[in-house]
Amino acid sequence: MSKFLIDRLASLEEYIPGEQPRDKKYIKLNTNESPYPPSESVLKVINSDAASRLNLYPDPACRDLTFAMSNLLGVNSENIVFGNGSDEILSFIFQAFCDKNTPAVFPDISYGFYPVFAALYGVPYEEIPLTDDFKVNYRDYLNKNATIIIANPNAPTGIFMPLAEIEEILRANPESIVAVDEAYIDFGGESAVSLLPEYDNLIVVRTYSKSRSMAGARLGFAITSKEIASDLNKIRFSTNPYNINTLTLLAGKCAIDDDLYYIENCGRIIEDRKFLSEELSKRGFKVLPSCANFIFASSPSMSGKDLYLSLKERGILVRYFDKARLYPFVRITIGTHAECAKLIEAIDDLGKE
Ligand SMILES: *Cc1c(COP(=O)(O)O)cnc(C)c1O
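Residues numbered from 1 in each chain as written. Predicted model: local features only at pLDDT ≥ 70, side-chain atom pairs only at ≥ 80, totals over all residues. Heavy atoms only, no water.

**Quick look at the overall build of the protein chain**
How we decide: Strands here mean DSSP runs of E at least two residues long; helices mean DSSP runs of H or I at least four residues long; both are numbered from the N terminus. We compute the radius of gyration over the C-alpha atoms and compare it with the globule rule, which gives 2.2 Å times the number of residues raised to the power 0.38. Accessible area is worked out with a 1.4 Å probe on protein chains only. A residue is then buried under 20% of its type maximum, exposed over 50%, and partly exposed in between. Should any heavy atoms of two residues lie within 4.5 Å, those residues are counted as being in contact. Only the protein chains shown count as cover for residues, with accessible areas throughout obtained via the Shrake-Rupley method and a probe of 1.4 Å. His is not counted, nor are the chain ends; Lys and Arg add positive charge and Asp and Glu add negative charge. Charged groups are reduced to one reference atom each: NZ for lysine, CZ for arginine, CG for aspartic acid, CD for glutamic acid.
Each helix and strand in the protein chain was counted, giving 11 helices and 13 strands. In terms of overall dimensions, the protein chain is globule-like: its C-alpha atoms have a radius of gyration of 20 Å, near the 20 Å expected for 353 residues. Scored against the burial criterion, the 353 residues of the protein chain give a buried share of 53%. Look at the contacts in the protein chain between residues 6 or more apart in sequence, and 73% of them connect residues 24 or more apart. By element, 52% of the accessible surface of the protein chain is carried by carbon and sulfur atoms, the whole surface being about 16,700 Å². Positive and negative charge centroids in the protein chain, built from 37 and 48 side chains respectively, lie 4 Å apart.

Given below as structure tokens:
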């Protein structure tokens, strides 16, 4: 740290992404990426002469991509804002809708970036504890007078909160923004997009990183009212109007054309999630009910960290969390079926030691 860094940032604890090691080839079940490659036309368009146009700036309005997405979702173009990953959309939300008079509120066990953004922008925040069975209790989020941010399904638990409960929160906070982070919605939950016509305080946040095999392309978006979309665009155009690069714009559009391919992959992941959950349960693990592309599970005999270390030795990466209540657990991304089978094999192997 230099002596020049301002006080607020000197004490900021930055977000620490999951490891992306280069030392050897691991089975990567640690960062909730898709184990499947992008669809054919995504790969093709990136190899096409599109790359020869990188001398030009991308379309700051993201017109083609926005048009395709609005058709897919059945909303208007003016209801969609694209970001450099959904992390950037979340960052816009903290900048646009939180300050000392409007604190942020989110669960104490959720996406680790929320408290980082709050600290980065100097916004006070309240973390509401999950219930004893790791659920978000909607009653804790009524009449808050704060900007509410809820990941649904939640991470790292994978637990989905019924839409009717999200609606209770929206209804009880008409003067506050309610942002629903749907990074994992394509793996079995029900999207809050259907509530948009009725609630002008709702922002649904989505990403291409999990279900659409494009974590490396960095593409996320918000679906919300026309007015909120224009607020988000105000931040976007005041920081980086070219936040979505040319290749990502093209790839994002092609991925929409190939929607069926991604829906099929989600189906595979849902099947393998069931397989992995059952196999782990048979071995005495506690597995939380997941609607995401990962499961959150605790071993009957080892801490999360010890299990992580033993699996890493065997070439498999999972994620553990050094946080009260979470230390017995590991978060395991659902890989291909073969990768899930290898994980079970490794766990049986550990049991023999
Ligand atoms: C992965 C994840 C994100 C971030 O996704 P990007 O689009 O890759 O920035 C946001 N929210 C949650 C809950 C996530 O798990």
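Following the structure, the description resumes.
**Section: the pairing of strand E5 (residues 147–151)**
Test applied: Any two strands are treated as partners once DSSP identifies two or more bridges connecting them. Seen with its strands pointing away from the viewer, a crossover is right-handed if its path from the first strand over the helix to the second goes clockwise.
Most of E5 is tucked away, with five of its five residues classed as buried. Alternating positions in E5 separate into two faces, Thr147, Ile149 and Ala151 on one and Ile148 and Ile150 on the other, with burial throughout. Note that E5 and strand E6 (residues 178–181) share four bridges and pair parallel. What sits directly across from Ile148, in E6, is Val178. Following the backbone out of E5, through helix H6 (residues 163–172) and into the adjacent parallel E6, one traces a crossover that is right-handed.

**So, a negative patch on the surface**
As a reminder, the rule being used: Patches here are clusters of residues that have more than 30% relative accessible area and form no salt bridge, with a 9 Å joining cutoff for like charges and a 5 Å cutoff for nonpolar side chains (Val, Leu, Ile, Met, Phe, Trp, Tyr). In what follows, salt bridge is the name for a side-chain nitrogen of Lys or Arg lying within 4 Å of a carboxyl oxygen of Asp or Glu.
On the surface, Glu78, Glu175, Asp200, Glu227 and Asp231 cluster together to form a negatively charged patch. Among the residues examined, Glu78 registers a relative accessible area of 45% and is labelled partly exposed.

**So, the packing of helix H10 (residues 304–313) against helix H11 (residues 337–351)**
Formally: A fitted line through C-alpha atoms serves as each axis, taken over the contacting stretch for helices, and the angle formed by two N-to-C directions is quoted from 0 to 180°. Every angle not falling under 35 degrees, over 145, or within 65 to 115 is termed oblique; those three ranges are roughly parallel, roughly antiparallel and roughly perpendicular. Any residue outside Ala, Val, Leu, Ile, Met, Phe, Trp, Tyr, Cys, Pro, Asp, Glu, Lys and Arg is labelled polar, Gly included; the first ten of those are nonpolar and the last four are charged.
The contact between H10 and H11 brings their axes to 10 Å, and the two run at 110 degrees. Between H10 and H11, the interaxial angle falls into the category roughly perpendicular. Side by side, H10 and H11 meet where Leu307, Ser310 and Leu311 of the first sit next to Leu343, Ala346, Ile347 and Leu350 of the second. Of the residues in the contact of H10 with H11, the class split is six nonpolar, one polar and no charged.

**Re the site of the ligand**
So the rule is basically this: By convention in this text, a residue qualifies as near a molecule or strand provided that one of its non-hydrogen atoms is within 4 Å of it. Pairs of N or O atoms are called polar contacts if they sit within 3.5 Å, as long as, within protein, a hydrogen donor faces a hydrogen acceptor (for residues adjacent in sequence, only side-chain-to-side-chain pairs).
With respect to spatial proximity, the complete set of residues near the ligand consists of Gly85, Ser86, Asp87, Tyr111, Asp181, Ala183, Tyr184, Thr207, Ser209, Lys210 and Arg218. Backbone polar atom of Ser86 to an oxygen atom of the ligand: 2.6 Å apart, as the coordinates give it. Within the complex, the protein chains bury 92% of what would otherwise be the 390 Å² of accessible surface of the ligand. Looking at side-chain class alone, the shell around the ligand contains three nonpolar, four polar and four charged residues.

**Some thoughts on the pairing of strand E7 (residues 202–207)**
With six of six residues buried, E7 lies mostly within the body of the structure. By the bridge criterion, four bridges tie E6 to E7 in an arrangement that is parallel. When the sheet's bridge partners are listed, Val178 is paired in E7 with Leu202.

**Examining H10**
Among the residues making up H10, those that are buried are Gly304, Leu307, Tyr308, Ser310 and Leu311. Of the surrounding elements, those touching the buried residues of H10 are strand E11 (316–317), strand E12 (319–320), strand E13 (329–333) and H11.

**Thoughts on H11**
Here is the rule: One less than the residue count of a helix, multiplied by 1.5 Å, gives the span that helix is expected to have. Along the arc lie the directions from the helix axis toward the C-beta atoms.
For H11, with 15 residues, the first-to-last C-alpha span of 21 Å sits near the 21 Å given by 1.5 Å per residue. Burial in H11 covers these residues: Cys340, Leu343, Ile344, Ala346, Ile347 and Leu350. Here the buried residues of H11 occupy an arc of 160 degrees about the axis, which is enough to place them on one side. Of the surrounding elements, those touching the buried residues of H11 are helix H9 (259–282), H10, E11 and E13.

**With respect to the sheet that holds E7**
The seven strands lie next to each other as E2-E8-E7-E6-E5-E3-E4, forming an open sheet whose pairing is mixed. Edge positions in the open sheet fall to strand E2 (80–83) and strand E4 (125–128), since each of these has one partner strand only. Geometrically, the sheet is characterised by an average inter-axis angle of 20 degrees between neighbouring strands, direction not taken into account. Lying over the sheet, helix H3 (residues 63–73) contacts E2, E7 and strand E8 (220–224), oriented at roughly 125 degrees with respect to E2.

**Here we look at the sheet that holds E12**
The antiparallel open sheet is built from four strands, whose spatial order is E9-E10-E13-E12. Two strands in the sheet have a free side with no partner beyond their single neighbour: strand E9 (286–287) and E12. Sheet topology note: the E9/strand E10 (residues 294–298) ladder contains two bridges and is antiparallel. Bridging from a neighbouring strand, Val287 pairs with Ala297 of E10. Those strands touched by H10 are E12 and E13, and its axis lies near 45 degrees from that of E13.

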